[in-house]
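Read off the chains here:
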2 protein chains.
Amino acid sequence: MASPRKQTHGNETREVILAAAERLFAEHGVAAVSNRQVSEAAGQANNFAVGYHFGTKTDLVLAIVRRHAPSIEQRRAAMIAAIKGSSELRDWVSCLVQPTTEHLAALGSPTWYARFIAQVTTDPTLRQLVIDEAIASASMQEIIQGLDRMMPVLPAEVREERADMGRQLIVHMCAERERALQAGTATPRATWEEAAVGLVDALVGLWQAPFTPTK
Amino acid sequence: MASPRKQTHGNETREVILAAAERLFAEHGVAAVSNRQVSEAAGQANNFAVGYHFGTKTDLVLAIVRRHAPSIEQRRAAMIAAIKGSSELRDWVSCLVQPTTEHLAALGSPTWYARFIAQVTTDPTLRQLVIDEAIASASMQEIIQGLDRMMPVLPAEVREERADMGRQLIVHMCAERERALQAGTATPRATWEEAAVGLVDALVGLWQAPFTPTK
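Looking at an unreviewed UniProt entry, one finds chain A named TetR/AcrR family transcriptional regulator, with Polyangium fumosum as its source organism.

Shown next, in the form of structure tokens:
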């Protein structure tokens, strides 16, 4: 059995590896970065440190996702409780957007999480894994059901498409904003809070848009 | 002066290099791929083939963009001529979406262009370059002015934000669809034509959405 001191060291090492991996994956993409490069960036003399602490690269990606999940999940659950089964589409869209933007705001600058997620979602296997992980959360299930109740007229494929679009907009607008904040370049909105307002406005319009039948 | 035969060989080499670069950049990101790797993938014995034919990596990226630009530009000009200064937002949004989706459909499968553009737009310098290049086209200027005429009430920062969102949605929905087509995984829409209808519907809703003042 590990002594308490050793345990702490192990946790610290894990944290250092997670932070290094998140940054490298955000900058270069998940496929472009080897476990060895992560170990090196985390200052681990042993090139197998990532494997030892996390297993496969997929396990490492999931560990990074799960490092952020509780904070986002907590905000989401609180927001859902606050809107009390609302029949306003805007309320449900806010539950989808704000937990992420508030989490990013709370992390302080620079953050890597938004770009990390943008990179993960370009890998077909990892994307499905991360989406499945997100959808499995009870609060996300409530939001999906809430959105579905608001949009009874949309055919299944349009609903699926707009869910994809909503995810893409949230992921890539946050990633682009995160990148601009770090580079010191211009952003359309001054704060994450205002960026969230812009996203919610736009997504409400997107979800409510009439659809053109194609069949 | 090069003989006609040699000239043809030079053009063929350029084409082979452009195709190899587009694919590598699409798969791995622009920053992750060296000119040397492109030369190798293009089957060039000389590792400096890219430098010799294209100059810097930025020149190479621009050359790939310009390989697709005339086909897209031509479609855009024809669509703008057809809508004759329309006062329907949908017409202008269609001019923004369809030239790209039609170009992708015409290329046949697999294509790399959508993922290439998605990768390029995550690099702050290259993104600006590609956006400047696109905006410089006369037909794109007409669309921007057309959209502006339709949206007189939006404050400048909201207009800028929705232009960003529109670009992100077109770029990333096309990239995700292109990826899914190659991987043989499910897509919400059966054809590029139907995917364009879905994008136009959604973007019209996004642009028309009421905005919440934040100041």
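K.L.:
Looking at this structure, I do not really get the domain arrangement of chain A. What am I missing?
P.N.:
Accessible area lost upon the coming together of the parts serves often as the stated size of an interface. Residue and element names in this part refer to chain A. As far as domains go, chain A holds domain 1 (1–55) and domain 2 (62–208). The distance between the C-alpha centroids of domain 1 and domain 2 comes to 27 Å. Each side of the interface is counted separately: domain 1 has 13 residues, and domain 2 has 11 residues. A combined buried area of about 1100 Å² lies between domain 1 and domain 2, and 67% of that area is made up of carbon and sulfur atoms. Of all residues in domain 1, Leu-18, Glu-22 and Ala-26 give up the largest surface area on contact with domain 2, accounting jointly for 49% of the area buried on that side. At the surface where domain 1 touches domain 2, the tally comes to one salt bridge. Arg-67 is the salt-bridge partner of Glu-15, the closest N and O atoms lying 3.3 Å from each other. Linking domain 1 with domain 2 are three residue pairs in polar contact (both at pLDDT 80 or more), by the criterion used here. If you tally residues by element for the side of domain 1 that touches domain 2, the top one is helix H1 (residues 4–28), at 10 residues.

K.L.:
Quick question: what am I supposed to make of the relation of the copies chain A and chain B here?
P.N.:
Both copies of the chain are related through a single rotation about an axis accompanied by a shift along the same axis. Overlaying chain A on chain B yields an RMSD of 0.0 Å, the required transformation being a rotation through 180° with an accompanying axial translation of 0.0 Å. Here the copies are linked by what is in effect a two-fold axis. Taken together, the interface assignments show that 100% of the residues at the interface of chain A recur at the interface of chain B, consistent with an identical surface on both copies.

K.L.:
In this structure, what is going on with the side chain of His-172 of chain A? I would like to understand it.
P.N.:
Tracing the chain through its elements places His-172 of chain A in helix H9 (residues 156–183). Given the relative accessible area of 8%, His-172 of chain A is considered buried. Sequence-distant contacts of His-172 of chain A, defined by excluding residues within four places in its chain, comprise Ala-118 of chain A together with Gln-168 and His-172 of chain B.

K.L.:
I'm lost on the packing of helix H4 (residues 57–83) of chain A against helix H8 (residues 138–150) of chain A in this one. Help?
P.N.:
The angle between the axes and the distance between the axes are what describe a pair of packed helices. Residue and element names in this part refer to chain A. Direction vectors running N to C along H4 and H8 enclose 45°, while the axes themselves pass 9 Å from each other. The angle between H4 and H8 places the two elements in the oblique class. As for the relative orientation of H4 and H8, their crossing is left-handed in sense. Residue-level inspection shows Glu-73, Arg-76, Ala-77 and Ile-80 of H4 in contact with H8, the latter providing Ala-138, Ser-139, Met-140, Glu-142 and Ile-143.

K.L.:
Sorry, what's going on with the packing of aromatic side chains here?
P.N.:
Given two aromatic rings, one states the distance between the centres and the angle between the planes to describe the pair. Residues and elements named next belong to chain A. The tally for this structure, following the rule as stated, stands at two aromatic pairs over all chains. Between Phe-25 and Phe-116 the ring centres are 6.4 Å apart and the planes differ by 20°, which places this aromatic pair in the stacked class. Separated by 91 residues along the polypeptide, Phe-25 in helix H1 and Phe-116 in helix H6 (residues 113–120) bring together distant segments of the chain. Neither residue differs from the other here; Phe-25 and Phe-116 are each classed as buried.

K.L.:
Looking at this model, I keep getting lost on the nonpolar core. Mind explaining?
P.N.:
Judged by nonpolar contacts, the single largest core of 123 residues is most densely connected at Phe-25 and Phe-116 of chain A together with Phe-25 and Phe-116 of chain B. Ignoring anything within four residues of it in the chain, the contact list for Phe-116 of chain B reads Glu-22, Phe-25, Ala-26, Val-61, Ile-64 and Val-65 of chain B.

K.L.:
Help me understand the packing of helix H4 (residues 57–83) of chain B against helix H5 (residues 89–107) of chain B, please; the structure alone is not making it clear to me.
P.N.:
Residue and element names in this part refer to chain B. One can describe the packing of H4 onto H5 by two numbers: an axis separation of 9 Å at closest approach and a directional angle of 140°. Taken as axis vectors, H4 and H5 run oblique relative to one another. Both H4 and H5 take part in a crossing whose hand is right-handed. Contacts from His-68, Ser-71, Ile-72, Arg-75, Arg-76, Met-79, Ile-80 and Ile-83 of H4 reach H5 at Asp-91, Trp-92, Ser-94, Cys-95, Gln-98, Pro-99, Thr-100, Glu-102, His-103, Ala-106 and Leu-107. Its residues assigned to classes, the contact of H4 with H5 shows nine nonpolar, six polar and four charged.

K.L.:
Teacher, can you tell me more about H8 of chain A here?
P.N.:
Every α-helix winds through 3.6 residues per turn, so residues three or four apart in the chain are directed the same way. All names here are of chain A. Its 13 residues place the ends of H8 19 Å apart at the C-alpha level, agreeing with the 18 Å of an ideal helix rising 1.5 Å per residue. Within the span of H8, buried status applies to Ser-139, Met-140, Ile-143, Gly-146, Leu-147 and Met-150. In an axial view of H8, the angular spread of the buried residues amounts to 120°, which keeps them on one side of the axis. For H8, the elements touching its buried residues are H4, helix H5 (89–107), helix H7 (124–135) and helix H10 (192–208).

K.L.:
Looking at this structure, I do not really get the pattern of salt bridges. What am I missing?
P.N.:
A side chain with one charge may pair with a side chain of the opposite charge, provided their charged atoms come close. Enumeration according to the criterion identifies 26 salt bridges over all chains in this entry. In this structure, the salt-bridge partner of Glu-176 of chain B is Arg-167 of chain A, at a minimum N-O distance of 2.8 Å. Linking Glu-176 of chain B in helix H9 (residues 156–183) with Arg-167 of chain A in helix H9, this pair reaches from one chain into another. Accessibility expressed as a relative area gives 10% for Glu-176 of chain B, which makes it buried. The salt bridge involving Arg-76 of chain B is made with Glu-73 of chain B; its shortest N-O contact spans 3.0 Å. Here Arg-76 of chain B and its partner Glu-73 of chain B are both found in helix H4, three residues apart, which amounts to about one turn of the helix.

Conventions and cut-offs
Residues numbered from 1 in each chain as written. Chains lettered and ligands numbered in written order. Predicted model: local features only at pLDDT ≥ 70, side-chain atom pairs only at ≥ 80, totals over all residues. Heavy atoms only, no water. Domains from an automatic or database assignment. Contact = heavy atoms within 4.5 Å. Buried area = accessible area lost by both parts, 1.4 Å probe. Salt bridge = Lys/Arg side-chain N within 4 Å of Asp/Glu carboxyl O. Polar contact = N/O pair within 3.5 Å; in protein donor to acceptor, adjacent residues only side chain to side chain. Helix = DSSP H or I, 4+ residues; strand = E, 2+ residues; numbered from the N terminus. Least-squares fit on C-alpha atoms with pLDDT ≥ 70 in both. Buried < 20%, exposed > 50% of the residue type's maximum accessible area, 1.4 Å probe, protein only. Axes fitted to C-alpha atoms, helices over the stretch in contact; angles between N-to-C directions. Parallel < 35°, antiparallel > 145°, perpendicular 65-115°, else oblique. Left-handed = near helix turned anticlockwise from the far one by under 90°. Phe/Tyr/Trp six-rings, centres within 6.5 Å; stacked < 30°, edge-to-face > 60°. Core = buried A, V, L, I, M, F, W, Y, C linked by side-chain atoms within 4.5 Å. Nonpolar A, V, L, I, M, F, W, Y, C, P; charged D, E, K, R; others polar. Expected span 1.5 Å × (residues − 1). Arc of directions from axis to C-beta.

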